Amino acid sequence: MADLNDGDGEFPRSHARFAALSVIAVLIFGALAGRLFQLQVLDGARYAARAVAVRTLEVSVRSPRGLVFDREGRLLAANTPAWTLEATLADLPADPSARAWVLFRASRVVGVDMSVLTERLQAFKGSPYELVPLLHGLSREAALTIGEMGEQLPGVTVAVEAVREYFDEDGAVDGTLLSHLVGYTGRVDATEFAELAARGYLPDDVIGRDGVESSMESVLRGTYGRQLLERDASGRTVKVVKTLAEPIAGKNLMLTIDARMQRVASDSLLWGMQASGVKQGVTVVMNPQTGEILAMVSLPAYDNNKFAVGISQDEFAAYLADPGRPLRNHAISDIYPPGSTFKVVTALGALEEGVTTTTQRWPTYGCYQIPDAPEGQCLSDWNNQGFGPLNLVEAFARSSDTFFYQMAIKLGLDRFGSWAQQLGFGERTGINLPGEAKGIVISREWAQAQGRPDVFTGELAQAGIGQNVIAVTPLQLLNAYAALANGGTLLRPTVVRGEADDSGALVRPYTAEPIRTLSASAADLQAIRIGARDVITTGHAYNIRDLRLPGALSGKTGTAEFGSAPSGDALPFHSWFVAWLPSVPGATDAQLEVLTFTYSAVARGNVSLEVVKYFLQQWYGLDQDLRLDPTDLSRVAAN
Amino acid sequence: MGTVTATFVETVRGRIWRSFDRQLFLYVALLISFGLVLGYSANYGVSGTPGTLSQTVKTVIWAAIGLTGFFVAASIDYHWLSTFTGPIYLAVLGLLVLTMLIGTHLFGAQMSISVAGLDFQSSEIAKVLMIVVLASYLHRRRERIGRLSTIVGAGLVMVIPTFLVYRQPDLGTALVFVAVLVGMLFLSGASIGWMALLGGAAIALAPLAIGAMHAYQRQRLFCFLDPNADPQGACYQLLQALNAVGSGGLLGQGLTAGRQNQLGYLPVQSTDFIFTVAGEELGFVGCAILLGLFALLTWRIVSIAWHARDSFGMLIAVGLASMILFQVLVNVGMVTGIMPVTGIPLPFVTYGGSSLVSLLFGMGILESVRMHTEKPTF
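It should be emphasised that the depicted structure is a prediction, and the values quoted were computed from it without experimental measurement.

1. What to know about the overall build of chain A
Link 1 in the chain: Scanning chain A for helices and strands turns up 22 helices and 23 strands.
Link 2 in the chain: In terms of C-alpha radius of gyration, chain A reaches 36 Å, well past the compact-globule figure of 26 Å for 639 residues.
Link 3 in the chain: Looking at the 639 residues of chain A, the share that counts as buried comes to 45%.

The following block contains the structure:
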């Protein structure tokens with residue numbers, strides 16, 4: 001080491017090599033500085049934009065769904081908080097047994113089998129940072145417990161969202177009174193989402209499924225807002241960078257329905273069905289001046305509150321298995337033979353086409369021989385005797401079948417069909433409810449579809465009394481009679497009165513344009529209305545005339561036999577009764593029209609007539625009870 | 001040993017401290033401060049585990065230890081080191097072998113060993129010590145410096161520790177060893193012809209080395225050629241780093257205000273990618289100041305090398321200059337996308353106790369070289 005300490009400092013020291021080192025150093029610093037200048041100063045904005053794009057995400061902000069009120073401002077549908085159990089894969093323990101333990105504990109709190117949670121988690125295909133909904137509709141207690149457990153359940157969280165809650169006329173939570181009208185909301189499924197995504201729906205969004213929730217979806221839903229969120233590298237939202245569009249709340253709707261009347265209609269129909277053992281029934285009440293539906297009951301009904309929180313498999317299966325088909329609104333979605341109530345079409349057609357006058361008398365028969373048919377092929381009148389010679393008004397009042405066979409045959413298929421169409425049969429009324437059926441009206445096309453050139457004369461005759469190849473929805477029939485009751489305007493039935501404020505006051509009324517004005521003379525319509533008044537007063541509808549109502553009740557009964565007799569003595573039949581209440585006989589000022597339909601009664605009375613009677617008694621607060629036992633044949637002669 | 005004692009006494013009495021390089025110390029201090037600030041920002045908002053020290057406090061402690069080492073090294077006549085280069089060399093090899101055997105895994109590599117709770121990254125210590133060993137070897141060969149045997153000999157000295165580091169696997173540090181070897185050979189006066197020939201042969205063998213790499217190393221290595229090749233995978237870190245540096249613009253987003261940094265988009269911000277924090281939060285101006293400090297430091301070290309009294313001192317300085325220059329080039333080049341992604345820390349700035357202590361020890365030796373530039377007067 002001595003040589004080091006005593007060194008004289010003279011050793012080869014290359015200027016050139018030091019210079020080279022210096023040059024290399026200068027080049028390195030120069031290159032790095034140049035590259036930084038390029039990245040930061042020249043291209044800085046581009047990289048900044050890219051960085052923003054990586055860490056920000058545009059998301060939707062849900063808009064509150066509009067409320068639903070009845071015509072008196074009673075709240076029928078509102079939003080209420082609900083809790084959803086969610087998990088984030090990235091935050092769950094990676095170790096399988098630790099993860100299972102977390103899920104097990106969570107499943108115990110929310111009270112489901114652990115497999116329910118693991119299956120949902122396994123089915124999820126998205127980013128591990130995304131929230132996976134595991135279970136909807138947690139109880140408030142379970143939600144709070146999960147929240148408190150916090151750190152013990154890494155990766156498991158509870159989200160709050162708004163779900164629908166439905167009420168009855170008293171504001172009690174009741175999802176059966178108005179379920180077919182108000183409907184419910186349900187989650188968008190994967191196939192629907194593919195279609196709905198373009199319209200701003202989210203993967204786990206809700207959408208209206210029935211009633212006005214479905215038909216008025218776009219109004220109730222509002223417009224979702226857009227927000228720009230900043231997320232950290234693990235995908236958690238750090239802050240809202242900016243709101244691109246504020247959500248626009250859905251509009252509140254006021255229905256034309258009177259929930260109290262709905263209750264009366266529902267109670268009276270339920271009584272009639274129970275008394276007669278009927279499994280399906282419909283009552284619809286309408287203002288025949290405006291087309292506003294005041295009540296629409298389809299029984300059996302379902303509970304829309306069960307759907308709002310997510311119905312269980314078992315409950316849903318029970319609904320599907322019910323022969324009364326509670327999920328369908330029978331008032332608009334199902335079609336039935338209208339029976340004698342359809343005679344309004346035959347009567348109006350015969351008058352307008354000059355087949356008969358209001359005073360011309362025609363013979364009636366116990367059994368009417370069909371022209372062109374072999375001798376002996378006849379169609380009976382309902383009393384199997386006939387009524388002697390009748391004019392049209394009398395025939396309508398007594399509901400003579402053989403009279404209207406003749407009218408239908410004289411009218412011919414085309415003119416009969418066109419009057420059925422004028423009164424709205426065979427086409428949808430266009431009511432703002434989903435799932436409306438069109439019905440069937442006899443036609444040449446129908447016959448050709450059966451492989452025949454034309455309909456049989458007997459078929460046409462039967463169509464004239466609403467049997468055989470005629471099928472209508474209860475709403476179509478009600479609406480046709482409304483045109484009769486109001487003097488000739490076929491209205492567009494509606495269940496939505498307009499938009500309301502949060503207190504349930506109407507702020508923007510909707511107007512529904514009538515479908516058409518009938519090309520029928522006022523006198524002819526008046527004559528049929530008189531006939532309908534006579535249905536009540538002549539006792540054909542038995543004792544309903546004794547109700548002390550504030551007006552001259554007019555109406556028409558109908559029965560339609562079908563199927564085979566269960567015990568040999570009588571066929572099961574549908575019964576109909578439609579009635580309206582003008583101030584005086586024949587007047588066009590009725591404000592209330594009611595129709596009841598009961599499906600497949602083996603009772604001998606007209607169940608529907610008794611139901612309407614009971615409804616009117618209750619709605620007008622009468623201190624009378626003229627109800628008959630609908631199973632008692634001896635006291636009833638109604639067709 | 002008498003002269004050593006005398007020198008030490010001289011040192012304590014402060015005569016030779018008059019030539020202490022204050023600028024070198026200043027630049028080092030500023031760089032450490034830079035690292036402290038950037039490290040603080042990188043960990044801003046990250047809540048530490050209660051009861052443990054924050055990274056900033058740890059860095060201060062390491063800097064204190066390092067400064068003690070710095071002054072001890074500065075106080076000692078660097079010539080003294082050459083008396084036990086053999087034991088140093090063996091210690092380096094022992095440390096690296098020990099790391100291979102009992103090292104703790106860090107980012108998939110066995111890079112550190114834990115002693116009394118403190119992690120030592122043996123390769124960081126090895127770098128500085130190998131510079132001393134190599135300087136001593138080349139100094140002893142100064143009469144035969146132009147011969148091929150010098151180059152081969154120096155290569156043999158370096159090959160074992162380089163291989164051990166490479167096997168950790170720590171490709172970056174292995175490359176630093178190579179850079180240091182080349183830099184020191186070049187300035188020692190070794191034959192440029194032979195160096196070029198051997199260098200060419202080494203480059204020709206490079207594909208073999210690349211082929212022997214782990215797949216993840218290879219992928220990361222080539223990201224800089226096309227960062228969009230695998231934007232979610234191997235090149236994700238590089239893309240995020242480029243976005244961060246680029247979005248700093250001219251003046252930066254402000255300390256602790258860099259969104260990429262604060263939201264965790266930057267990979268291992270406080271270590272190898274610390275420069276991205278400077279880029280995003282301090283902008284081009286801040287980066288230029290940081291690079292400027294490195295440039296000034298390099299200038300001081302080269303100047304010390306130039307003025308060194310003998311080739312041992314000169315070569316220590318050249319080795320340290322080569323090391324710092326290479327690490328700055330590769331580290332900053334990596335985060336700016338012009339160099340492959342290798343795990344090389346930014347000297348003084350990247351958080352790491354062993355690195356900081358080793359570097360400060362190296363700077364202390366430099367001060368010793370500087371202060372012993374003049375022939376001691378007795």
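2. Things to note about the overall build of chain B
Link 1 in the chain: Check the secondary structure of chain B and you find 14 helices and three strands.
Link 2 in the chain: Expressed as a percentage of the 378 residues in chain B, the buried residues total 53%.
Link 3 in the chain: Residue pairs at least 24 apart in sequence account for 72% of intrachain contacts in chain B once pairs closer than 6 positions are excluded.

3. Digging into helix 5 (residues 122–140) of chain B
Link 1 in the chain: The end-to-end C-alpha distance of helix 5 of chain B, which contains 19 residues, comes to 27 Å, matching closely the 27 Å that a straight helix rising 1.5 Å per residue would cover.
Link 2 in the chain: Among the 19 residues in helix 5 of chain B, 17 count as buried, and that is most of the element.

4. Concerning the sheet that holds strand 21 (residues 554–561) of chain A
All names here are of chain A.
Link 1 in the chain: If you trace the five strands from one edge of the open sheet to the other, you get 12-11-23-22-21, paired in antiparallel fashion. Pairing within the sheet leaves two strands with one partner each, and these edge strands are strand 12 (293–299) and strand 21. Recorded for the sheet is a direction-independent mean angle of 5° between the axes of neighbouring strands.
Link 2 in the chain: This element, helix 20 (residues 474–485), spans strand 11 (280–286), strand 22 (573–580) and strand 23 (593–601) of the sheet and lies at about 145° to strand 23.

5. What about the pairing of strand 12 of chain A?
In the case of a regular strand, side chains alternate between the two sheet surfaces.
Residues and elements named next belong to chain A.
Link 1 in the chain: Of all seven residues that make up strand 12, seven are buried, and the element is covered over most of its length.
Link 2 in the chain: Where strand 11 lies against strand 12, six bridges are found, and the strand directions are antiparallel. Residue pairing in the sheet places V282 in a bridge with S298 of strand 12.
Link 3 in the chain: Hairpin connection of strand 11 to strand 12: six residues between the antiparallel strands, including G291 at a positive phi of 85°.

6. Regarding the domain arrangement of chain A
Link 1 in the chain: Each domain of chain A was delimited in the assignment, giving domain 1 (56–74 + 167–255), domain 2 (80–165) and domain 3 (259–304 + 326–635).
Link 2 in the chain: If you average the C-alpha positions of domain 1 of chain A and of domain 2 of chain A, the two centres end up 23 Å apart.

7. Brief notes about the packing of helix 13 (residues 311–335) of chain B against helix 14 (residues 353–371) of chain B
All names here are of chain B.
Link 1 in the chain: Between helix 13 and helix 14, whose axes approach to 10 Å, the crossing angle comes to 145°. Pair helix 13 / helix 14 crosses with left-handed handedness. On helix 14, the residues touching G313, I316, A317 and L320 of helix 13 are G362, I365, L366 and V369.
Link 2 in the chain: Partitioning the contact of helix 13 with helix 14 into residue classes produces six nonpolar, two polar and no charged.

8. Some remarks on the nonpolar core
Link 1 in the chain: One finds L76, A106, L255, V284, A408 and Y481 of chain A to be the most contacted residues of the largest nonpolar core, which totals 160 residues.
Link 2 in the chain: Per element, the largest residue contribution to this core is 11 residues, and it comes from helix 17 (residues 401–422) of chain A.
Link 3 in the chain: Within the second largest apolar cluster, 117 residues are counted, among which are C235, F326, L329 and V330 of chain B.

9. Thoughts on the interface of chain A and chain B
Link 1 in the chain: Between chain A and chain B, the residue contacts involve 37 residues of the former and 43 residues of the latter.
Link 2 in the chain: Those elements giving two or more residues to the side of chain A that touches chain B turn out to be helix 1 (2–5), helix 2 (15–42) and helix 3 (44–55) of chain A.
Link 3 in the chain: A per-element tally of the side of chain A that touches chain B places helix 2 of chain A first, with 15 residues.
Link 4 in the chain: Looking at the side of chain A that touches chain B residue by residue, the class counts come to 21 nonpolar, eight polar and eight charged.

10. Details of the environment of T176 of chain A
All names here are of chain A.
Link 1 in the chain: Residue placement: T176 occurs in the loop between strand 5 (156–166) and helix 7 (179–182).
Link 2 in the chain: Overall, T176 belongs to the partly exposed group, with 18 C-beta atoms counted inside 10 Å.
Link 3 in the chain: Sequence-wise, T176 and K306 are 130 residues apart; in three dimensions their C-alpha atoms are separated by 9.8 Å.
Link 4 in the chain: If near-sequence neighbours (up to four positions away) are discounted, T176 is found in contact with A301 and D303.

11. Here's the deal with unusual backbone geometry
Residues and elements named next belong to chain A.
Link 1 in the chain: A cis amide bond links L299 to the next residue, P300, at an omega of 0°.
Link 2 in the chain: Tracing the chain through its elements places P300 in the loop between strand 12 and helix 12 (304–308).
Link 3 in the chain: Notably, D372 is not glycine yet its phi reads approximately 65°, a positive angle.
Link 4 in the chain: When you line up the elements, D372 lands in the loop between strand 13 (367–369) and strand 14 (378–380).
Link 5 in the chain: For D372, a count of 9 C-beta atoms within 10 Å translates into the label exposed.
Link 6 in the chain: The backbone phi angle of S399 is positive, close to 60°, even though this residue is not glycine.
Link 7 in the chain: Topologically, S399 is positioned in the loop between helix 16 (392–398) and helix 17.
Link 8 in the chain: Exposure remark for S399: the 27 C-beta atoms within 10 Å place this residue in the buried category.

12. Regarding the sheet that holds strand 9 (residues 237–245) of chain A
Residues and elements named next belong to chain A.
Link 1 in the chain: Here we have three strands laid out as an open sheet, ordered 1-8-9, and antiparallel in their pairing. Strands with a single pairing partner mark the edges of an open sheet, and in this sheet they are strand 1 (56–61) and strand 9. Between one strand axis and the next, the sheet turns through 30° on average, direction left out of account.
Link 2 in the chain: Summarising the sheet, strand 1 and strand 8 (residues 225–231) pair through six bridges and their orientation is antiparallel. Counted as the bridge partner of E58 is L228 from strand 8.

13. Description of the confidence of the model for chain B
Detailed reading of the predicted model is not advised wherever pLDDT is low.
Link 1 in the chain: Mean pLDDT over chain B stands at 84; residues scoring 70 or higher make up 84%.
Link 2 in the chain: For this predicted complex, the interface score ipTM comes out at 0.92, while the overall pTM is 0.72.

14. Let's talk about the pairing of strand 22 of chain A
Residue and element names in this part refer to chain A.
Link 1 in the chain: Most of strand 22 sits out of view: eight of its eight residues are buried.
Link 2 in the chain: With burial as the criterion, each face of strand 22 is covered, one bearing F573, S575, F577 and A579 and the other bearing H574, W576, V578 and W580.
Link 3 in the chain: Relative to strand 22, strand 21 is paired through eight bridges, and the arrangement is antiparallel. Following the sheet pairing, A560 is matched in strand 22 by H574.

15. Quick notes on the environment of A197 of chain A
Residues and elements named next belong to chain A.
Link 1 in the chain: Within the secondary structure, A197 is located in the loop between helix 8 (190–196) and strand 7 (206–208).
Link 2 in the chain: For A197, a count of 13 C-beta atoms within 10 Å corresponds to the partly exposed category.
Link 3 in the chain: A197 sits 337 residues away from D534 along the chain, and the two C-alpha atoms are 58 Å apart.

16. Overview of helix 20 of chain A
Residue and element names in this part refer to chain A.
Link 1 in the chain: Over its 12 residues, helix 20 extends 16 Å from the first C-alpha to the last, a length consistent with the 16 Å expected when each residue adds 1.5 Å.
Link 2 in the chain: Summarising burial for helix 20: 12 of the 12 residues are buried, a large majority.
Link 3 in the chain: Positive phi appears at G487, one or two residues downstream of helix 20, with a value of about 95°.

Thresholds, definitions, all that
- Residues numbered from 1 in each chain as written.
- Chains lettered and ligands numbered in written order.
- Predicted model: local features only at pLDDT ≥ 70, side-chain atom pairs only at ≥ 80, totals over all residues.
- Helix = DSSP H or I, 4+ residues; strand = E, 2+ residues; numbered from the N terminus.
- Rg over C-alpha atoms; globule rule 2.2 N^0.38 Å.
- Buried ≥ 20, exposed ≤ 12 C-beta atoms within 10 Å, placed from the backbone.
- Contact = placed C-beta atoms within 7 Å.
- Expected span 1.5 Å × (residues − 1).
- Pairing = 2+ DSSP bridges.
- Axes fitted to C-alpha atoms, helices over the stretch in contact; angles between N-to-C directions.
- Domains from an automatic or database assignment.
- Left-handed = near helix turned anticlockwise from the far one by under 90°.
- Nonpolar A, V, L, I, M, F, W, Y, C, P; charged D, E, K, R; others polar.
- Core = buried A, V, L, I, M, F, W, Y, C linked by C-beta atoms within 7 Å.
- pLDDT = per-residue confidence, 0-100.

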